[in-house]
Amino acid sequence: MKVGVLAVQGAFIEHENILNKLGISTIELRKKSDLDMDFDRLILPGGESTVQGKLLGDLDMFNGLKERIMSGMPVLATCAGLILLAENIVNDSRSWFKTLPVSVVRNAYGRQLGSFHYDGIMEGIGIFPMEFIRAPYIESVADGVEILAHVDDKITAVKYKKQLGLSFHPELSDNYNIHKMFLEM
Ligand code: GLN
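Predicted model only: the values in this text are computed from it and were never measured.

Calculation rules
- Residues numbered from 1 in each chain as written.
- Predicted model: local features only at pLDDT ≥ 70, side-chain atom pairs only at ≥ 80, totals over all residues.
- Heavy atoms only, no water.
- Near = heavy atom within 4 Å.
- Polar contact = N/O pair within 3.5 Å; in protein donor to acceptor, adjacent residues only side chain to side chain.
- Areas by Shrake-Rupley, 256 points an atom, 1.4 Å probe, with all protein chains shown as cover.
- Nonpolar A, V, L, I, M, F, W, Y, C, P; charged D, E, K, R; others polar.
- Helix = DSSP H or I, 4+ residues; strand = E, 2+ residues; numbered from the N terminus.
- Buried < 20%, exposed > 50% of the residue type's maximum accessible area, 1.4 Å probe, protein only.
- Contact = heavy atoms within 4.5 Å.
- Core = buried A, V, L, I, M, F, W, Y, C linked by side-chain atoms within 4.5 Å.
- Salt bridge = Lys/Arg side-chain N within 4 Å of Asp/Glu carboxyl O.
- Pairing = 2+ DSSP bridges.

A. Structural view of the site of the ligand. Residues in contact with the ligand, as listed here, are Gly-46, Gly-47, Glu-48, Ser-49, Cys-79, Ala-80, Ile-83, Arg-106, Asn-107, Ile-133, Arg-134 and His-169. Ala-80 places a polar main-chain atom, nitrogen or oxygen, 3.0 Å from an oxygen atom of the ligand. Here Ile-133 contributes a backbone N or O atom positioned 2.9 Å from a nitrogen atom of the ligand. In isolation the ligand offers 300 Å² of accessible surface; the protein chains occlude 98% of this area. Looking at side-chain class alone, the shell around the ligand contains four nonpolar, five polar and three charged residues.

B. Quick look at the side chain of Asp-34. Locating Asp-34 in the fold gives a position in the loop between strand 2 (25-29) and strand 3 (41-44). Overall, Asp-34 belongs to the buried group, its relative accessible area being 7%. The contacts of Asp-34, once residues within four sequence positions are left out, are Ile-27, Glu-28, Leu-29 and Phe-39.

C. Fine view of the nonpolar core. Counting residues in each nonpolar core, the largest one holds 32 residues, and the members touching the most others are Leu-65 and Phe-97. Elements supplying a minimum of two residues to this core: strand 2, strand 3, helix 3 (62-70), strand 4 (75-78), helix 4 (80-85), strand 5 (86-89), strand 6 (100-105) and strand 11 (154-160). Of the residues forming this core, the biggest block, four residues, is contributed by helix 4. Once residues within four sequence positions are removed from consideration, Leu-65 is found in contact with Leu-6, Leu-29, Leu-35, Leu-42, Leu-56 and Phe-97.

D. Here's a closer look at the pattern of salt bridges. Inspection of every chain in the model, using the stated rule, returns nine salt bridges. Among the ionic pairs, Asp-34 bridges to Lys-31, the shortest N-O distance being 3.0 Å. For Lys-31, a relative accessible area of 44% corresponds to the partly exposed category. Here Asp-92 makes a salt bridge to Arg-94, at a shortest N to O gap of 3.1 Å. Residues joined by salt bridges that share partners form a network here, namely Glu-48, Asp-92, Arg-94, Arg-106 and Arg-134.

E. Representation of the pairing of strand 10 (residues 146-151) in the model. The pairing of strand 10 with strand 11 spans five bridges and is classified as antiparallel. Bridging from a neighbouring strand, Val-151 pairs with Lys-154 of strand 11. Joining the antiparallel neighbours strand 10 and strand 11 is a turn of two residues, in which Asp-152 adopts a positive phi near 50°.

Interpretation note: all reported values are geometric properties and have no functional meaning in isolation.
In structure tokens form, the structure reads like this:
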């Protein structure tokens, strides 16, 4: 198994480190020709979704990645990655891959709550240390989307087909259970 990690911007190295510790090899996807390498899973890391979305267009990587997601390649998308997958972004006129039928709100916890830690329950895992950084939350989901975690009344993790979308950063904790869940998908 080989995991392709989108590496144009944001917190991709942290994901690679966890996967490597789990004995899984990774490749960095930085340019269009990298998409021709052999990989069977995809990570879309946190960072800044507008920058990542623009770079994917400028680098002509957008369609190649979208095709792989639509044809069922398992994806783990964290924070900005979740925003890139979302069908609808409530407070932004742009949207990107639109393969995950959810509505998200960007920077949804306001400035003061820009970063916080929450020990929440993740369905299928139990208590998980969730790190939020200028995080989005999921406002609504379509039929068929499984809700895996909440903070108060806000949805913070979902699964739809082979797409796992999180508004927090599992790569910033030393609990690898979400990465293991992704590898088993
Ligand atoms: N606020 C960022 C965005 O809108 C997401 C933050 C993150 O990935 N930690 O893209």
